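The primary structure of each chain is shown beneath.
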Amino acid sequence: MDCLFCKILAGEIPSKKIYEDNLCYAFYDIAPQSDTHFLVVPKQHICCAAEITAENADVVAHIFTVIPKLCKELGLDSYRIINNCGAGAGQTVLHLHFHVLSGSNLGERLV
Ligand code: 5GP
Ligand code: ZN
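Bear in mind that the values here come from a model prediction, so they are computed numbers and not experimental data.

## Brief notes about the site of ligand 1
Okay, step 1: Looking at ligand 1, there are 16 residues lining it, with Y28, D29, N84, T92 and H99 nearest.
Okay, step 2: Note that a nitrogen atom of ligand 1 is positioned 2.9 Å from one of the backbone N or O atoms of Y28.
Okay, step 3: G90 is positioned with one of its backbone polar atoms (N or O) 3.0 Å from an oxygen atom of ligand 1.
Okay, step 4: Here ligand 1, which alone exposes 520 Å², has 83% of that area covered by the protein.
Okay, step 5: Taking a 2 Å distance to the grid points as the criterion, the majority of the atoms of ligand 1 fall inside the second largest pocket.
Okay, step 6: Residue assignment for the shell around ligand 1 shows that the elements contributing at least two residues are α1 (4-9) and β2 (24-28).
Okay, step 7: Of all the elements, α1 adds the most residues to the shell around ligand 1, at three residues.
Okay, step 8: Here the shell around ligand 1 is built from residues that sort into nine nonpolar, six polar and one charged.

Reading guide: rules and limits
Residues numbered from 1 in each chain as written. Chains lettered and ligands numbered in written order. Predicted model: local features only at pLDDT ≥ 70, side-chain atom pairs only at ≥ 80, totals over all residues. Heavy atoms only, no water. Near = heavy atom within 4 Å. Polar contact = N/O pair within 3.5 Å; in protein donor to acceptor, adjacent residues only side chain to side chain. Areas by Shrake-Rupley, 256 points an atom, 1.4 Å probe, with all protein chains shown as cover. 1 Å grid on protein atoms, 1.4 Å probe; cavity = no way out; pocket = protein on both sides within 12 Å on 5 of 7 lines; lining within 4 Å. Sits in = over half its atoms within 2 Å of the grid points. Helix = DSSP H or I, 4+ residues; strand = E, 2+ residues; numbered from the N terminus. Nonpolar A, V, L, I, M, F, W, Y, C, P; charged D, E, K, R; others polar.

This is the structure in C-alpha cells:
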C-alpha cells in the first residue's frame, strides 16, 4: 500500500521514534509547528477519523491513554491534540494520526 505512515511503520522511511507498542507508534513530526510536535498513529492502517468504527475504536482509546503517558514522560503539562479528517480539514497523509503539540506558540486557536 502506498501509504507514507505505513512505510514509516515498516521502517522503510526513517523517523524519530518516541514510543512504540503492539498497537501504536509515536514519532516526531518532520515539520514541527510548535516547540514539541509529535504524531501518534495506529499500526493498523485506518485512513482517517471517518473510518473509526466500533470494531477498530479500541486502538483509538489506547492512543488516548498513550498520549498523556508520553506527555508526562516528556514533561509536558499543557498540550493540544489535533486530528485533521479529510483534505478540506488539512489532512495530507491518509493514515489516521493524532498531532500532539506543546509549547509557547499555542495561543492561536480556532475553537
Ligand atoms: P496532516 O496534514 O495529514 O494532518 O499531518 C501530516 C503530518 O505529517 C504533517 O504535520 C507533516 O509535517 C508530517 N509528515 C509528512 N511527511 C513526514 C515524514 O516523512 N516524516 C515525519 N516524521 N512526518 C511527516
Ligand atoms: Zn497507512
